[in-house]
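Reading the structure
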There are 2 protein chains.
Amino acid sequence: MTHGKGRGHGPSLRELLRVPAGGRVRLGTYDPSATPAGPPDKAAGRAAAAELAEPLAGLQERLYAAATAGDRRRLLLVLQGMDTSGKGGTVKHAAAPFNPAGCRIRAFKAPTPEEREHPFLWRVEKALPRPGEIGIFDRSHYEDVLVARVHALVPRDTLERRYGEINAFERSLAEDGVTLVKVFLHIGFEEQRERLLRRLDRPDKRWKFDPGDIEERALWPAYQEAYERVLERCSTDAAPWYLVPADHKWYRDWAVGRLLLEHLEEMDPRYPPATFDVGACRARLIAG
Amino acid sequence: MTHGKGRGHGPSLRELLRVPAGGRVRLGTYDPSATPAGPPDKAAGRAAAAELAEPLAGLQERLYAAATAGDRRRLLLVLQGMDTSGKGGTVKHAAAPFNPAGCRIRAFKAPTPEEREHPFLWRVEKALPRPGEIGIFDRSHYEDVLVARVHALVPRDTLERRYGEINAFERSLAEDGVTLVKVFLHIGFEEQRERLLRRLDRPDKRWKFDPGDIEERALWPAYQEAYERVLERCSTDAAPWYLVPADHKWYRDWAVGRLLLEHLEEMDPRYPPATFDVGACRARLIAG
């Protein structure tokens, strides 16, 4: 069974959503409610996303199996986006098709005192997927050029240096067998207001609300600008960024699943061949 | 909505499958193909297991939410059993209803050189669920009184001491808010043969086969005896063992799901109340 390109899936979503390396990025020119190359509506989108589950599960099992024979490859999904952009929901949907034992999921919060004592990439390195695993980051090392930029937590030249450090770090990961899928979940200012209000209004969602979110929301333009710099400086050939319009949750979930599928199909992991005498083992089992 | 005992679920599976503290255990007296208190057949079992998903997901979200307000409680499912007893499959099914971001899953293999330099509980302590999380162990610290006993990896008095260390460790976990659900997946000798043969015969399962499994199978009686000692010495009030007949995968998955549900219902986690002025936040969001 081939999972290569000529399978009739149509044009790749990767090419469509990929942020070109070295280009200028203006988030205002991207409609957060767009559904490029997507199914026509929510019902079709949910159905299309459900159809991705089986091939994704199969590819994960092969990736995991290959690692038992020394294949070092793994995949790391990095999710970034404004508050309420749906990072948590995307983790849940993206991980759903996979065997959880082969997933390494990590949500990065404000650094702990211990984490602050180390270089900013330290906590990220500890959370990386092992060979054969699917890693998912809800926020990441990019917070150190996002919140750090908006709140001027470090001097400007430190910030500038970090973009290069991130690119070098990600290149080294790619060389070690990590396929990076970096996704920026792009939502609109009004959509965020709606989502924050919904958290306030539903007693079972209120625990997700932090009054500090309102202060962060006031910094919306500064965050958008910080994201533009990230997308311009850190969408590299080794580790490109994908811009996923995320006002529609069904589109977001389908698109992220589809991006994962395209990357895993390209990786094309294989079950390892038996390194033992199958017939002899069979005979011993039947005898013993 | 109450999740307490009087909900009409019938007698608790916990009481039925629990290994009494301090009693004598003879595994030969337990039928691995039994389905105590279970649905009548596979179709009914799969349907009953599917019905557990929604309440389990709801309880996990409340557990996670409660932790954001300081509740330290969490649940740890410990899975033990002979090779092919279905630990991996049980992890997959047990975790399926939960948001994977709130699960901490760990499979313990033979200790690494680094792990061997530490006391046997060290690697286990590092893998424990954080408050609000569901932890799942595929194998555990019990390997250090199972494989260690069967292969005489440590002196007998070290082994004897470890039962007590494990009980003290688990008591301290329980006191810190960890609900332990320790499950022994009980399969029969013939069932293991069938499952090993299936791994050999299916090219997509062969990577799970290790010829060393045949040598371990030859030690079946010694392993059964080692498990009997574990169940006798380490089924305590703070952390009882549950013996789940596991020849039928559908029964095993239903029973483990049901055990998780009963424990989570007893924990009865609650969404935390708002600690901020909801009306004021609402007004600021609408204005800003």
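So, here's what we can say about the structure. (Residues numbered from 1 in each chain as written. Chains lettered and ligands numbered in written order. Predicted model: local features only at pLDDT ≥ 70, side-chain atom pairs only at ≥ 80, totals over all residues. Heavy atoms only, no water.)

For the rest of this paragraph, the subject is the overall build of chain A. Along the backbone of chain A there are twelve helices and five strands. By principal-axis analysis of the C-alpha atoms, chain A measures approximately 70 × 45 × 40 Å. Among the 288 residues that make up chain A, the fraction classed as buried is 50%. Long-range contacts, defined here as pairs at least 24 residues apart, represent 82% of the contacts in chain A between residues at least 6 apart. Of the accessible surface of chain A, which amounts to about 12,800 Å², a share of 53% is contributed by carbon and sulfur atoms. Here chain A holds 45 positive side-chain charges and 42 negative ones, and the gap between their average locations is 2 Å. (Helix = DSSP H or I, 4+ residues; strand = E, 2+ residues; numbered from the N terminus. Buried < 20%, exposed > 50% of the residue type's maximum accessible area, 1.4 Å probe, protein only. Contact = heavy atoms within 4.5 Å. Areas by Shrake-Rupley, 256 points an atom, 1.4 Å probe, with all protein chains shown as cover. Lys, Arg positive; Asp, Glu negative; His and termini not counted. Charge placed at Lys NZ, Arg CZ, Asp CG, Glu CD.)

For helix α8 (residues 189–201) of chain B, spanning 13 residues, the distance from its first C-alpha to its last is 19 Å, which sits close to the expected 18 Å at 1.5 Å a residue. The inward-facing, buried residues of α8(B) contact α12 (278–287) of chain A together with α9 (212–218), α10 (220–234) and α11 (249–267) of chain B. (Expected span 1.5 Å × (residues − 1).)

Bringing the pattern of salt bridges into the picture now. All names here are of chain B. In total, this model carries 57 salt bridges over all chains according to the counting rule given. With a shortest N-O distance of 2.8 Å, Arg 74 and Asp 176 are connected by a salt bridge. Of this pair, Arg 74 sits in strand β1 (residues 74–81) while Asp 176 sits in the loop between α7 (156–175) and β4 (178–186), and the two are 102 residues apart along the sequence. Owing to a relative accessible area of 32%, Asp 176 belongs among the partly exposed residues under this scheme. (Salt bridge = Lys/Arg side-chain N within 4 Å of Asp/Glu carboxyl O.)

Put simply, the second copy of the chain is the first one after a rotation about an axis and a shift along it. Rotating chain A by 180 degrees and moving it 0.0 Å along the rotation axis overlays it on chain B with an RMSD of 0.0 Å. Interpreted geometrically, this transformation is the action of a two-fold axis. The fraction of interface residues of chain A whose copies in chain B are also interface residues reaches 100%, indicating that both copies meet through the same surface. (Least-squares fit on C-alpha atoms with pLDDT ≥ 70 in both.)

Our next topic: the interface of chain A and chain B. Taken together, the contact between chain A and chain B spans 39 residues of the former and 39 residues of the latter. Both faces combined, the contact of chain A with chain B buries some 3,600 Å², and carbon together with sulfur accounts for 70% of it. Three residues, Trp207(A), Phe276(A) and Leu285(A), lead the burial of chain A against chain B; their summed loss comes to 20% of the area buried on that side. For the pair chain A and chain B, the interface holds four salt bridges. For the side of chain A that touches chain B, the secondary-structure elements that each account for two or more residues are α2 (42–67), α3 (87–95), α8 (189–201), α9 (212–218) and α12 of chain A. (Buried area = accessible area lost by both parts, 1.4 Å probe.)

Looking now at the side chain of Arg193(A). Here Arg193(A) shows up in helix α8. Beyond its immediate stretch of four places on either side in the chain, Arg193(A) contacts Arg217(A), Leu285(B), Ile286(B) and Gly288(B).

A word on the sheet that holds strand β2 (residues 103–107) of chain B. All names here are of chain B. Reading across from one edge, β2-β3-β1-β4-β5 is the order of the five strands in this open sheet, with parallel pairing throughout. Because the sheet does not close on itself, it has two edges, and the strands there are β2 and β5 (241–245). Each strand axis lies, on average, 20 degrees off the axis of its neighbour in the sheet, ignoring direction. The pairing of β2 with strand β3 (residues 134–138) spans five bridges and is parallel. The residue of β3 that forms the bridge with Arg 106 is Phe 137. (Pairing = 2+ DSSP bridges. Axes fitted to C-alpha atoms, helices over the stretch in contact; angles between N-to-C directions.)

In contact at an axis separation of 10 Å, α8(A) and helix α12 (residues 278–287) of chain B are set at 170 degrees when each is read in the N-to-C sense. In terms of axis orientation, α8(A) runs roughly antiparallel to α12(B). Packed against α8(A), whose contacting residues are Arg193(A), Leu196(A), Leu197(A), Leu200(A) and Asp201(A), the element α12(B) presents Val278(B), Cys281(B), Arg282(B), Leu285(B) and Ile286(B) at the interface. Residues of the contact of α8(A) with α12(B), tallied by class, amount to seven nonpolar, no polar and three charged. (Parallel < 35°, antiparallel > 145°, perpendicular 65-115°, else oblique. Nonpolar A, V, L, I, M, F, W, Y, C, P; charged D, E, K, R; others polar.)

Attention now goes to the pairing of β1(B). Residue and element names in this part refer to chain B. The buried fraction of β1 amounts to eight of the eight residues, a majority that puts the element mostly inside the structure. A two-sided burial pattern is seen for β1, the buried positions comprising Arg 74, Leu 76, Val 78 and Gln 80 on one face and Leu 75, Leu 77, Leu 79 and Gly 81 on the other. Bridge count for β1 against β4 is eight bridges, and the pairing is parallel. By the bridge assignment, Val 78 is partnered in β4 with Lys 182. For β1 and β3, the ladder comprises five bridges, and the chain directions are parallel. Of the residues in β3, the one forming a bridge with Leu 79 is Asp 138.

It is worth stressing that arrangement in space is one thing and function is another; only the former is reported here.
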